[in-house]
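In case you want the letters, here they are:
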Amino acid sequence: MGKLDGKVAFITGAARGQGRSHAIRLAEEGADIIAVDICAQIDSVQYPMSTPADLEQTVAEVEKLGRRIAAFRTDVRDHAALQQSFDEGIAALGPATIVVANAGIGAGGKGADPQREWEDVVAVNMGGVWNTGRVAIPSMLKHDNGGSIILTSSTGGLIGVGIPTAGFLGYTAAKHGVIGLMRSWANFLAPHMIRVNSVAPTAVRTPMAADGDISAILEHNPALANALTNAMPVDLVEPLDVSNAILWLASDESRYVTGSVVPVDAGLLNKR
């Protein structure tokens, strides 16, 4: 018997990286998955973003576990498209009581247009989280089954990264904004037994972080060396480390935890 048997989870940015890991981990515990991802490149993002093949792989991994999955190529910046995908997902799988607002992009690097970079990272990393909440919350209230909403922030959402470029300022501001959304939604939704929390990872071994190639990251952004220095002797945490925190927050094991930030940071914040 799984911790999430009979539940449906709505996960954004699910094609690869942390999002795919979250989908697999929640499916392992019995959840069916509504998965969305842009599966396309944003011009200001300087690493390769997800593809339709990545999303197909997530579908295959979830189905291999015997769980159902409805997957959609959707940009979280597009509220109408995201609403349509969510509505089609719950029509196929049932009401979602778990929401994981995971979709996000990393700051650009050399040569990025500052205005475009700022607008894109804020639109995805904060606007996309706002859109995810506003498409899912009315359904959760309507069905009155309680639930758990988990927003992906970052250690950069709790500290100033200290890099004065448009991309990193936008990233840090957006991740701080995510925690503000979490706290506001947590207060609003608590009477309805809907919990809202955030995870704040340090750097995670995903394509956004050059799959763990720290030298490649620092080559483009040397000033990140201090921001990426964890207290524990690990350069990055694994997606599964974040997924395990997501699972706990999604499950009844954290039934009275709301309005909280859970760092998965190898001691980075404490070191400061």
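Right above here is the structure, for reference.
Residues numbered from 1 in each chain as written. Predicted model: local features only at pLDDT ≥ 70, side-chain atom pairs only at ≥ 80, totals over all residues. Heavy atoms only, no water.

A. The overall build of the protein chain, seen in detail. Along the backbone of the protein chain there are nine helices and seven strands. Taking 272 residues into account, the globule formula puts the C-alpha radius of gyration at 19 Å, and the protein chain, at 17 Å, falls close to it. With respect to the principal axes defined by its C-alpha atoms, the protein chain has extents near 50 × 35 × 30 Å. Within the protein chain, the fraction of its 272 residues that count as buried is 56%. For the protein chain, long-range pairs separated by at least 24 residues make up 76% of all intrachain contacts whose partners lie at least 6 apart in sequence. Carbon together with sulfur atoms contributes 53% to the accessible area of the protein chain, which is approximately 11,600 Å² in total. Placing the 21 positive and 28 negative side-chain charges of the protein chain at their respective mean positions leaves the two points 5 Å apart. (Helix = DSSP H or I, 4+ residues; strand = E, 2+ residues; numbered from the N terminus. Rg over C-alpha atoms; globule rule 2.2 N^0.38 Å. Buried < 20%, exposed > 50% of the residue type's maximum accessible area, 1.4 Å probe, protein only. Contact = heavy atoms within 4.5 Å. Areas by Shrake-Rupley, 256 points an atom, 1.4 Å probe, with all protein chains shown as cover. Lys, Arg positive; Asp, Glu negative; His and termini not counted. Charge placed at Lys NZ, Arg CZ, Asp CG, Glu CD.)

B. Looking closely at the packing of helix H1 (residues 17-28) against helix H8 (residues 239-250). Here H1 crosses H8 at 50°, and the two axes come no closer than 9 Å. When the axis of H1 is compared with that of H8, the two are oblique. Viewed along their axes, H1 and H8 form a crossing whose handedness is right-handed. For the pair formed by H1 and H8, the contact residues are Gly 17, Gln 18, Ser 21, His 22, Arg 25 and Leu 26 on the first element and Pro 239, Leu 240, Val 242, Ser 243, Asn 244, Ile 246 and Leu 247 on the second. Along the lines of polarity and charge, the residues of the contact of H1 with H8 split into six nonpolar, six polar and one charged. (Axes fitted to C-alpha atoms, helices over the stretch in contact; angles between N-to-C directions. Parallel < 35°, antiparallel > 145°, perpendicular 65-115°, else oblique. Left-handed = near helix turned anticlockwise from the far one by under 90°. Nonpolar A, V, L, I, M, F, W, Y, C, P; charged D, E, K, R; others polar.)

C. Region of interest: unusual backbone geometry. If you check the backbone angles, Asp 144 has positive phi at about 55° while not being a glycine. Tracing the backbone through its elements, the reader meets Asp 144 in the loop between helix H4 (114-143) and strand E5 (147-152). Even without being glycine, Met 193 reaches a positive phi, approximately 60°. The class of Met 193 is exposed, set by a relative accessible area of 54%.

D. Examining the environment of Arg 183 more closely. Take Arg 183: it is sitting in helix H5 (residues 166-189). Along the chain, Arg 183 and Val 196 lie 13 residues apart, while their C-alpha atoms are 7.5 Å from each other.

E. Geometry of the pattern of salt bridges. Summed over the entire model, instances satisfying the criterion amount to 11 salt bridges. Between Glu 253 and Lys 3 there is a salt bridge whose closest N-O contact spans 3.3 Å. Here the residue Glu 253 occupies a position in the loop between H8 and strand E7 (261-264), and Lys 3 occupies one in the segment before strand E1 (8-12), the gap between them amounting to 250 residues. Accessibility expressed as a relative area gives 40% for Lys 3, which makes it partly exposed. For Arg 25, the salt bridge goes to Glu 29, with nearest N and O atoms at 3.5 Å. Via salt bridges that share partners, Asp 75, Arg 77, Arg 116, Glu 119 and Asp 120 belong to a single interconnected network. (Salt bridge = Lys/Arg side-chain N within 4 Å of Asp/Glu carboxyl O.)

F. Spotlight on the side chain of Ser 153. Structurally, the position occupied by Ser 153 is in the loop between E5 and H5. Here Ser 153 falls in the buried class, since its relative accessible area comes to 2%. At 3.0 Å, the side chain of Ser 153 forms a polar contact with the backbone oxygen of Lys 175. (Polar contact = N/O pair within 3.5 Å; in protein donor to acceptor, adjacent residues only side chain to side chain.)

G. Local environment of the nonpolar core. Phe 10, Ile 105, Ile 149, Leu 151 and Trp 185 are the most contacted members of the largest nonpolar core, which has 41 residues in total. In this structure Ile 149 touches Val 99, Ile 137, Met 140, Leu 189, Ile 194, Arg 195, Val 196 and Asn 197, once residues within four positions along its chain are discounted. (Core = buried A, V, L, I, M, F, W, Y, C linked by side-chain atoms within 4.5 Å.)

H. Up close: the packing of helix H3 (residues 79-93) against H4. Interaxial distance between H3 and H4 falls to 9 Å at its minimum, and their mutual angle equals 40°. Taken together, the axes of H3 and H4 are oblique relative to one another. As H3 runs across H4, the sense of the crossing is right-handed. Residue-level contacts link His 79, Leu 82, Gln 83, Phe 86 and Ile 90 of H3 to Asn 131, Thr 132, Arg 134, Val 135, Ala 136 and Ser 139 of H4. Looking at side-chain class alone, the contact of H3 with H4 contains five nonpolar, five polar and one charged residues.

I. Fine view of the packing of aromatic side chains. For the structure on display, the rule yields one aromatic pair. Ring centres of Phe 10 and Phe 86 lie 5.0 Å apart, and the angle between their planes is 65°; this geometry places the pair in the edge-to-face category. Here Phe 10, found in strand E1, pairs with Phe 86, found in helix H3; they are 76 residues apart in sequence, far enough to count as distant. For Phe 10, a relative accessible area of 0% gives the class buried. (Phe/Tyr/Trp six-rings, centres within 6.5 Å; stacked < 30°, edge-to-face > 60°.)

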